[in-house]
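Summary of the model geometry
This is what each chain is made of:
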Amino acid sequence: MDPYFGSLTMYISEQLLNPDERRLRLSTQLGVEHVVLDNRGTELVSASGGVSAWDASKLTAYRRWVEGFGLKLDVFALDIGSILLDSLVDLEGARKQRALLADNIKKAADAGITCLKYNVQMVGITRTALKPGRGGAQNSSFVHAEYRAEDDQKHSYWGVGYPSNQEEGGSTSALLCGQKMAREVPPVTVQAGWDAIEFLVEGLVPAADAAGVRLACHPHDPAYPIGGLNGIEHVVGSADGIRKFLALSGSSNHGLNFCQGTVAEMFKEPGKHMIPVIEEFASTGRIFMVHFRNIRGGYLDFQEVFPDEGDVDMFQAVKAYQRGGYTGPLCPDHVPVSALDEGRERFMSFALGYTRGLLQAAGVWATPSSR
């Protein structure tokens, strides 16, 4: 662990999408010292949606560039492309992709990157219309009763970041991370969903073990109704699904990008259930990073809100991670949308400061004077 944080169990981190120099400088001015970076769709990976071979020297140079701002690169995004869907319809092609991903894991280790995150979404992150939030902000939502497949492109988004507006997804963003529109995907049963994920885990975890790299998987967002949505099952869309996912391998490198908001979406009453669930998964030692966000509502009917106004007590959440022994980053995620903060830098700054305050209140943050 970074000596700056040697006495800590958790710390704030910022998840950024292909940041430039100005954005990294802003992060340091906000007190951020660790970052999680997603560079899918840039020169480090394919811009055409397929899985491309990484260059260890480029990755090394990029990591050092980030470190030049006084930041530590905690986690880097592994683009798994369309391998999950491909494994169901083109097994030989998927095997080639899997071998390339395994090689990329080794190259990440060679570049000094010790943790990679990935997302098992087969279709975009399903959402319905924006809902009015405080002060005129707008909250991304999923209300199953209001869902219409023909509106997916307008309201849903893809795994390359936060929705800046509800039309940013489209075919371009989908191509960057191998995900599809719901109506473009053949039916995916529960069995098929698990077959695809097991195929991926069986190929990547041994490579991660050999390289000494941790793999952090983001659960399915959102939880789908029983029977699926548009013929697609979200098998890692429940607490039991997450438990089954972890049981696929006993490796200590097989773990979670624990998205607190996504897990909260799995419960009708997240305020009641999330604290023990957080402690349970933290105690496994398999959480490698946390998306620290809040929602209002619950299963099949929720809005993504600012961290201080949702149904989950975020201070008690911090205490639950602490009791479970979690050590690692808390990354704010999915703040509301507003024309007054187009890039959402101020909204994310608020979430970072709020998270730091919670850590200080919980006694797990060392101020600069006490380091």
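Residues numbered from 1 in each chain as written. Predicted model: local features only at pLDDT ≥ 70, side-chain atom pairs only at ≥ 80, totals over all residues. Heavy atoms only, no water.

Going by an unreviewed UniProt entry, the protein carries the name mannonate dehydratase and comes from Comamonas thiooxydans. What the UniProt record of the protein gives under Pathway (unreviewed entry) is the line "Carbohydrate metabolism; pentose and glucuronate interconversion." If you open the UniProt record of the protein and go to Function (unreviewed entry), you find "Catalyzes the dehydration of D-mannonate." (UniProt positions renumbered as here; feature names shortened; annotations may be inferred.)

The next subject is the overall build of the protein. Each helix and strand counted, the protein has 12 helices and 13 strands in total. For the protein, with 371 residues in total, the buried portion stands at 60%. Considering only contacts in the protein between residues 6 or more positions apart, those separated by 24 or more positions represent 73%. (Helix = DSSP H or I, 4+ residues; strand = E, 2+ residues; numbered from the N terminus. Buried < 20%, exposed > 50% of the residue type's maximum accessible area, 1.4 Å probe, protein only. Contact = heavy atoms within 4.5 Å.)

This next bit is on the pairing of strand S2 (residues 14-17). Both S2 and strand S3 (residues 34-38) contribute to a ladder of 4 bridges, which runs parallel. What sits directly across from Gln15, in S3, is Val36. Regarding the hand of the β-α-β motif, the stretch spanning S2, helix H1 (residues 21-29) and S3 is right-handed. (Pairing = 2+ DSSP bridges. Right-handed = clockwise from strand over helix to strand, strands pointing away.)

Let us look at the environment of Gly250. The topology assignment puts Gly250 in the loop between helix H8 (239-246) and strand S9 (254-259). Each C-alpha atom of the pair Gly250 and Val205 lies 9.7 Å from the other, and the pair is 45 residues apart in sequence.

So, about the sheet that holds strand S6 (residues 128-132). What the 4 strands build is an open sheet, ordered S6-S7-S12-S11; its pairing is antiparallel. The sheet is open, and its two edges are formed by S6 and strand S11 (294-298), each paired on a single side. Here the strands of the sheet are splayed against their neighbours by 30° on average, with no regard to which way each runs. In terms of strand pairing, strand S7 (residues 138-143) meets strand S12 (residues 301-305) through 3 bridges, oriented antiparallel. In the strand pairing of S12, Val143 is matched with Asp301. (Axes fitted to C-alpha atoms, helices over the stretch in contact; angles between N-to-C directions.)

The strand order across the open sheet formed by 9 strands is S1-S13-S10-S9-S8-S5-S4-S3-S2, and the pairing between neighbours is parallel. Bordering the open sheet on either side are strand S1 (10-12) and S2, each of which pairs with just one other strand. The average undirected angle you get between the axes of adjacent strands in this sheet is 30°. Where strand S4 (residues 72-77) lies against strand S5 (residues 115-119), 2 bridges are found, and the strand directions are parallel. Of the residues in S5, the one forming a bridge with Ala77 is Lys117.

Here the focus is the nonpolar core. Within the largest apolar cluster, 92 residues are counted, with the highest numbers of intra-cluster contacts made by Leu116, Tyr118, Phe245, Phe258 and Tyr321. Considering every element that reaches this core, the biggest residue donor is helix H7 (residues 190-211), with 11 residues. The residues touching Tyr321, leaving out its near neighbours within four places in the chain, are Met10, Phe258, Gln260, Ile278, Ala282, Ile287, Val290, Phe292, Tyr326 and Leu330. Among the nonpolar cores identified, the runner-up in size contains 7 residues, and Val75, Cys115, Phe288 and Cys331 belong to it. (Core = buried A, V, L, I, M, F, W, Y, C linked by side-chain atoms within 4.5 Å.)

The next subject is the packing of helix H11 (residues 314-324) against helix H12 (residues 345-362). Packed helix pairs are characterised by how far apart their axes lie and by the angle those axes make with each other. Direction vectors running N to C along H11 and H12 enclose 60°, while the axes themselves pass 10 Å from each other. Accordingly, the angle class assigned to the pair H11 and H12 is oblique. Pair H11 / H12 crosses with right-handed handedness. Of the residues in H12, those in contact with Met314, Phe315, Val318, Lys319 and Gln322 of H11 are Tyr354, Leu358, Leu359, Ala361 and Ala362. Among the residues making up the contact of H11 with H12, the classes are represented as 8 nonpolar, 1 polar and 1 charged. (Parallel < 35°, antiparallel > 145°, perpendicular 65-115°, else oblique. Left-handed = near helix turned anticlockwise from the far one by under 90°. Nonpolar A, V, L, I, M, F, W, Y, C, P; charged D, E, K, R; others polar.)

Now for the pattern of salt bridges. Applying the stated rule across the entire model yields 24 salt bridges. Among the ionic pairs, Asp74 bridges to Lys72, the shortest N-O distance being 3.7 Å. When its relative accessible area of 7% is taken as the criterion, Asp74 is described as buried. Residue classification places Lys72 among the partly exposed residues on the basis of a relative accessible area of 29%. Among the salt bridges present, the one from Asp221 reaches Arg293, with a minimum N-O distance of 3.4 Å. (Salt bridge = Lys/Arg side-chain N within 4 Å of Asp/Glu carboxyl O.)

What follows concerns the packing of aromatic side chains. Enumeration over the complete set of coordinates arrives at 11 aromatic pairs. Ring geometry for Trp65 against Phe69: centres 5.3 Å apart, planes inclined by 85°, an arrangement best described as edge-to-face. Taking relative accessible area as the criterion, Trp65 reaches 35% and is therefore assigned partly exposed. Ring centres of Phe142 and Phe302 lie 6.2 Å apart, and the angle between their planes is 50°; this geometry places the pair in the tilted category. Of the two residues, Phe142 sits in strand S7 while Phe302 sits in strand S12, which places them 160 residues apart along the sequence. Owing to a relative accessible area of 0%, Phe142 belongs among the buried residues under this scheme. (Phe/Tyr/Trp six-rings, centres within 6.5 Å; stacked < 30°, edge-to-face > 60°.)

Moving on to the side chain of Asp79. With respect to the helices and strands, Asp79 occurs in the loop between S4 and helix H3 (83-89). Here Asp79 falls in the buried class, since its relative accessible area comes to 5%. A polar contact of 3.0 Å, which involves the side chain of Asp79, links it to the backbone nitrogen of Gly81. (Polar contact = N/O pair within 3.5 Å; in protein donor to acceptor, adjacent residues only side chain to side chain.)

With that out of the way, let us pick up the packing of helix H4 (residues 91-110) against H7. Packing of H4 against H7 brings their axes to within 9 Å, and their N-to-C directions diverge by 20°. By the angle between their directions, the pair H4 and H7 is classed as roughly parallel. Between H4 and H7 lies a crossing of right-handed hand. Contacts from Leu91, Ala94, Arg95, Arg98, Leu101, Ala102, Ile105, Lys106 and Ala109 of H4 reach H7 at Phe199, Leu200, Glu202, Gly203, Leu204, Ala207, Ala208 and Ala211. Of the residues contributing to the contact of H4 with H7, the split by class is 12 nonpolar, 1 polar and 4 charged.

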